[in-house]
Amino acid sequence: MMKKLVFYSEKCTGCGICTVACVTKHTDENLLDFKTSRIRIRVDKQKILQVANVCVQCEEAYCISACPVGALSRDDSLGFIKVDKDLCISCGSCVEACPYKGIILSHVDVKPIICDLCLGDPQCVKWCPFNALDYIEINEKTASVVKLALSLIHISEPTRPY
């Protein structure tokens with residue numbers, strides 16, 4: 001059964017602990033670089049709530065179809081979007097295609113930074129003190145929860161999917 005990362009905006013205080021957990025998990029050095037976080041919290045002033053910008057492993061995967069060189073694919077076991085950095089040409093098409101603003105380009109190598117679900121153990125979920133994030137199995141009972149959560153984090157001005 002596939003699992004998905006779910007964000008509950010009504011529980012989020014914007015504390016940023018999820019960002020710290022993500023950066024700590026993915027750092028290769030003793031220096032924490034918050035520009036490489038796979039999850040970013042922003043305030044949606046129009047909806048008056050906190051919004052997580054993170055890959056939601058959406059079914060459509062506009063990022064994959066937008067990539068002109070096929071550098072993105074879906075992991076078969078966990079469902080996250082994988083980046084083949086050798087194929088990637090750093091064009092940013094995947095960033096523009098994501099309606100959830102879940103992808104950024106690294107300021108280091110200009111390659112996409114996309115949530116990898118910490119390979120099945122998302123640290124943002126573990127460390128969020130307000131339970132604003134969850135990693136749940138998708139089934140008939142939970143599908144409506146995921147759909148509602150996605151509708152709340154969808155950006156106010158949708159980007160045009162390719």
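The structure under discussion appears in the preceding block.
None of the values given here were measured: they were computed from a predicted structure. (Residues numbered from 1 in each chain as written. Predicted model: local features only at pLDDT ≥ 70, side-chain atom pairs only at ≥ 80, totals over all residues. Heavy atoms only, no water.)

Asks: Go over the pairing of strand β1 (residues 3–7) with me, naming the residues and quoting the values.
Replies: β1 sits mainly inside the fold: 4 of its 5 residues count as buried. Taken together, the 5 bridges between β1 and strand β8 (residues 133–137) define a ladder with antiparallel strand orientation. Each residue of the ladder has a partner; that of Leu5, found in β8, is Tyr135. (Buried < 20%, exposed > 50% of the residue type's maximum accessible area, 1.4 Å probe, protein only. Helix = DSSP H or I, 4+ residues; strand = E, 2+ residues; numbered from the N terminus. Pairing = 2+ DSSP bridges.)

Asks: Quick rundown of the nonpolar core? Include the residues and the values.
Replies: Judged by nonpolar contacts, the single largest core of 32 residues is most densely connected at Leu5, Ile39, Leu72, Ile81 and Leu133. Not counting residues within four places of it along the chain, the set of residues in contact with Ile39 comprises Cys18, Thr19, Cys22, Ala52, Asn53, Val54 and Leu133. (Core = buried A, V, L, I, M, F, W, Y, C linked by side-chain atoms within 4.5 Å. Contact = heavy atoms within 4.5 Å.)

Asks: How would you sum up the packing of aromatic side chains? Please name residues and give values.
Replies: Within this structure, the stated rule accounts for 0 aromatic pairs. Here Lys11 stacks its cationic end above the ring of Tyr8, 5.0 Å away from the centre of that ring. (Phe/Tyr/Trp six-rings, centres within 6.5 Å; stacked < 30°, edge-to-face > 60°. Lys NZ or Arg CZ within 6 Å of the ring centre and 35° of its normal.)

Asks: Please give an account of the side chain of Ser106 that cites residues and values.
Replies: With respect to the helices and strands, Ser106 occurs in the loop between β6 (104–105) and β7 (112–113). Judged by its relative accessible area of 9%, Ser106 falls in the buried class.

Asks: I'd like to hear about the layout of surface pockets, residue by residue, with values.
Replies: Sizing a probe to match a water molecule and rolling it over the atoms shows the empty space that remains. Estimated volume of the largest pocket: approximately 540 Å³. In this structure, the largest pocket is lined by 21 residues; those nearest its centre are His26, Asp28, Thr36, Arg38 and Lys85. Taken together, the elements giving at least two residues each to the lining of the largest pocket come down to α1 (17–26), β5 (81–83) and β7. For the lining of the largest pocket, a count of residues per class yields 9 nonpolar, 4 polar and 8 charged. (1 Å grid on protein atoms, 1.4 Å probe; cavity = no way out; pocket = protein on both sides within 12 Å on 5 of 7 lines; lining within 4 Å. Points joined across faces, edges and corners; volume = space filled by probe spheres on them. Nonpolar A, V, L, I, M, F, W, Y, C, P; charged D, E, K, R; others polar.)

Asks: Before we move on, can you summarise α1 with the specific residues and values?
Replies: The set of residues buried in α1 consists of Cys18, Thr19, Ala21, Cys22 and Val23. In this fold, the buried residues of α1 make contact with β2 (40–44), α4 (123–127) and β8.

Asks: Could you give me a rundown of the pattern of salt bridges, with the residues and numbers involved?
Replies: Taken as a whole, this structure holds 3 salt bridges when the rule is applied. The partner of Lys4 in a salt bridge is Glu59, with the nearest N and O atoms 3.7 Å apart. Pair noted here: Lys4 is in strand β1 and Glu59 is in the loop between β3 (49–53) and α2 (62–66), with a separation of 55 residues, a long-range link. Taking relative accessible area as the criterion, Lys4 reaches 9% and is therefore assigned buried. Residue Glu59 is classed as exposed on the basis of its relative accessible area of 65%. Residue Lys126 pairs with Asp121 through a salt bridge whose shortest N-O separation is 3.0 Å. (Salt bridge = Lys/Arg side-chain N within 4 Å of Asp/Glu carboxyl O.)

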